[in-house]
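Now for the letters of each chain:
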Amino acid sequence: MSNPQSWGFLVGGAVLILVPSVAVLAGWRPCFLRGSRGPAPLLGITGLCVYAAVLVDEIPRVAGASSGVRATCASIGLGLVGTAVVLFILYETLAGPDRRGRK
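Quick summary incoming for the structure in this document. (Residues numbered from 1 in each chain as written. Predicted model: local features only at pLDDT ≥ 70, side-chain atom pairs only at ≥ 80, totals over all residues. Heavy atoms only, no water.)

## Things to note about the overall build of the protein
- Broken down by element type, the protein carries 4 helices and 0 strands.
- In the protein, the succession of helices and strands from N to C terminus is α-α-α-α.
- C-alpha atoms of the protein, sized along the principal axes, occupy 50 × 25 × 20 Å.
- Taking all 103 residues of the protein together, 27% fall into the buried category.
- Excluding contacts between residues fewer than 6 apart, the proportion of contacts in the protein whose partners are at least 24 apart in sequence is 70%.
- For the protein, the exposed area adds up to about 6200 Å²; of that, 73% sits on carbon and sulfur atoms.
- The centroid of the 9 positive side-chain charges in the protein is displaced by 8 Å from the centroid of its 4 negative side-chain charges. (Helix = DSSP H or I, 4+ residues; strand = E, 2+ residues; numbered from the N terminus. Buried < 20%, exposed > 50% of the residue type's maximum accessible area, 1.4 Å probe, protein only. Contact = heavy atoms within 4.5 Å. Areas by Shrake-Rupley, 256 points an atom, 1.4 Å probe, with all protein chains shown as cover. Lys, Arg positive; Asp, Glu negative; His and termini not counted. Charge placed at Lys NZ, Arg CZ, Asp CG, Glu CD.)

Here it is in structure tokens:
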């Protein structure tokens, strides 16, 4: 992957993942979450985990790190994505049937 693509992932992730996640952690609830009983900050933390995975994976590529460092960072990023999946499942469980029944 080239450096412009890596920078695109970093900037795109900041705009599409980081900003809404921080806003949710600061107390903003999007319109599709207003009726939910689930803890919205859990979704903010989930977004931060996903963005941290993007950072951990892309920064070594931009810095030109060795393949061993990139492989290690990719493994850490995969762990962060797994953590985000677990947090999202926890949110859906805590939100209860009111979110699952809605269309």
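## As for the packing of helix α2 (residues 40-63) against helix α3 (residues 67-95)
- For the pair α2 and α3, the least separation of the axes is 8 Å and the interaxial angle reads 170°. It follows that α2 is roughly antiparallel to α3 by the angle criterion. (Axes fitted to C-alpha atoms, helices over the stretch in contact; angles between N-to-C directions. Parallel < 35°, antiparallel > 145°, perpendicular 65-115°, else oblique.)

## Side note on the packing of helix α1 (residues 3-25) against α2
- One way to put it is that α1 packs onto α2 with a least axis distance of 8 Å and a crossing angle of 165°. Taken together, the axes of α1 and α2 are roughly antiparallel relative to one another. Of the two elements, α1 crosses α2, and the hand of that crossing is left-handed.
- Classifying every residue of the contact of α1 with α2 by side-chain character gives 18 nonpolar, 6 polar and 2 charged. (Left-handed = near helix turned anticlockwise from the far one by under 90°. Nonpolar A, V, L, I, M, F, W, Y, C, P; charged D, E, K, R; others polar.)

## Considering the pattern of salt bridges
- For the coordinates displayed, the defined rule picks out 2 salt bridges.
- For D57, the salt bridge identified is with R61, shortest N-O distance 3.6 Å. Of this pair, D57 and R61 both sit in helix α2, 4 residues apart, which is roughly one turn of the helix.
- Between E58 and R61 there is a salt bridge whose closest N-O contact spans 4.0 Å. (Salt bridge = Lys/Arg side-chain N within 4 Å of Asp/Glu carboxyl O.)

By themselves these figures say nothing about function.
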